[in-house]
Amino acid sequence: MRFKEKVVFVTGGTRGLGKAMVEAFLGEGARVGVNGRRREAVAKFEEEFRGKAVKAYVADVTDYPAMETVAQGVAEEWGGVDILINNAGIVNPLVPSEKIKKEDFDRVIEVNLKGAFYATQIFGRGMIERGSGRIISISSQVALFGEKGFLPYALGKAGLQTMTRNLASEWSRFGVTLCCVAPGFIAGGMNEALLKRQHLVDFLSKKTPLGRMGTVGELVATMLFLASKEAQYINGETIVMDGGMTGYSAEPLLEAITKGK
Ligand SMILES: NC(=O)c1ccc[n+]([C@@H]2O[C@H](COP(=O)([O-])OP(=O)(O)OC[C@H]3O[C@@H](n4cnc5c(N)ncnc54)[C@H](OP(=O)(O)O)[C@@H]3O)[C@@H](O)[C@H]2O)c1
């Protein structure tokens, strides 16, 4: 029971990886709040978690006043949040950067970067007041290298890494620490549809030294570790968990040189 008495808030936690984190934190004794932008999805989530130490709120992370109301609700219920997980996120339509529509670019930055900052500031103020807190943002390994079609997503996710480093320098003195996780391609959440297309799974596996996508369990385990007391000295940092994909060349130059002989 690593998180007994702790209050955790997972943005966008009604489905996907966020929901898996909710289950894991609950299993470790935490009380968990989530928000979702769709009323039906929130109601379905509430039904599924009935009787558990869970509170679900309808609020879009880009709606600052709505998120303030959520934070107020959690504070009244449980006295404030100890651990915030900035999980809510969307991917842009995957097209080359010269073709991305302004509204699609803006929406990704709104949700993935601005929304995460709003939640961080709103819940962070309570943490500063209470003198302790932990904020973990979910970035992406795509923020660390060039992947055609992902520019708005990559920019937003890179911004989370910068936010984490900057705020660690500002807020550590108040007892608030932050870190970021940059997962590779996880077999769940937004990749559910991709998993049904074997050639894509094979393609991603080939790009990864470990030869496979990451599991939801591996991501959740990383999140729990980073939220735990044992990880508190990891501050301002981004932990890449991508099976070694970053910096790995699926077609090494050496092989091309050897072939050319
Ligand atoms: N899966 C991966 O391989 C992977 C890899 C790297 C990083 N990530 C990141 O991990 C996070 C979770 O991804 P996932 O795979 O679980 O995706 P997902 O299954 O699509 O879930 C995304 C969640 O975010 C919520 N959300 C989206 N926009 C929101 C908004 N404006 N306000 C509130 N909630 C909002 C969604 O709620 P609705 O039901 O309302 O849509 C949903 O619950 C994302 O930040 C993603 O970028 C995922």
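For the structure given in this document, a descriptive report is provided here. (Residues numbered from 1 in each chain as written. Predicted model: local features only at pLDDT ≥ 70, side-chain atom pairs only at ≥ 80, totals over all residues.)

### Topic: the sheet that holds strand β6 (residues 176–183)
No. 1: Read across the open sheet, the seven strands follow the order β3-β2-β1-β4-β5-β6-β7; overall the sheet is parallel. If you trace the sheet from one side to the other, it starts and ends with β3 (54–58) and β7 (237–241), each paired once. Direction aside, the axes of adjacent strands within the sheet are offset by 20 degrees on average.
No. 2: Sheet analysis places strand β2 (residues 31–36) next to β3, joined by five bridges and oriented parallel. (Pairing = 2+ DSSP bridges. Helix = DSSP H or I, 4+ residues; strand = E, 2+ residues; numbered from the N terminus. Axes fitted to C-alpha atoms, helices over the stretch in contact; angles between N-to-C directions.)

### A few points about helix α5 (residues 151–171)
No. 1: The end-to-end C-alpha distance of α5 is 29 Å, a good match for the 30 Å that 21 residues give at a rise of 1.5 Å each.
No. 2: Of the residues making up α5, those classed as buried are L151, P152, Y153, A154, G156, K157, L160, Q161, M163, T164, L167 and W171.
No. 3: Tucked into the core, α5 has its buried residues touching β4 (83–86), α4 (102–130), β5 (133–138), β6 and β7. (Expected span 1.5 Å × (residues − 1). Buried ≥ 20, exposed ≤ 12 C-beta atoms within 10 Å, placed from the backbone. Contact = placed C-beta atoms within 7 Å.)

### Some words on the site of the ligand
No. 1: With respect to spatial proximity, 28 residues lie near the ligand, and among them G12, G16, G89, I186 and G189 are the closest.
No. 2: At the level of secondary structure, the elements contributing two or more residues to the shell around the ligand comprise α1 (16–27), β2 and α4.
No. 3: Ranked by residues supplied to the shell around the ligand, first place goes to α1 with three residues.
No. 4: The residue inventory of the shell around the ligand, partitioned by class, reads eleven nonpolar, 13 polar and four charged. (Near = placed C-beta within 6 Å. Nonpolar A, V, L, I, M, F, W, Y, C, P; charged D, E, K, R; others polar.)

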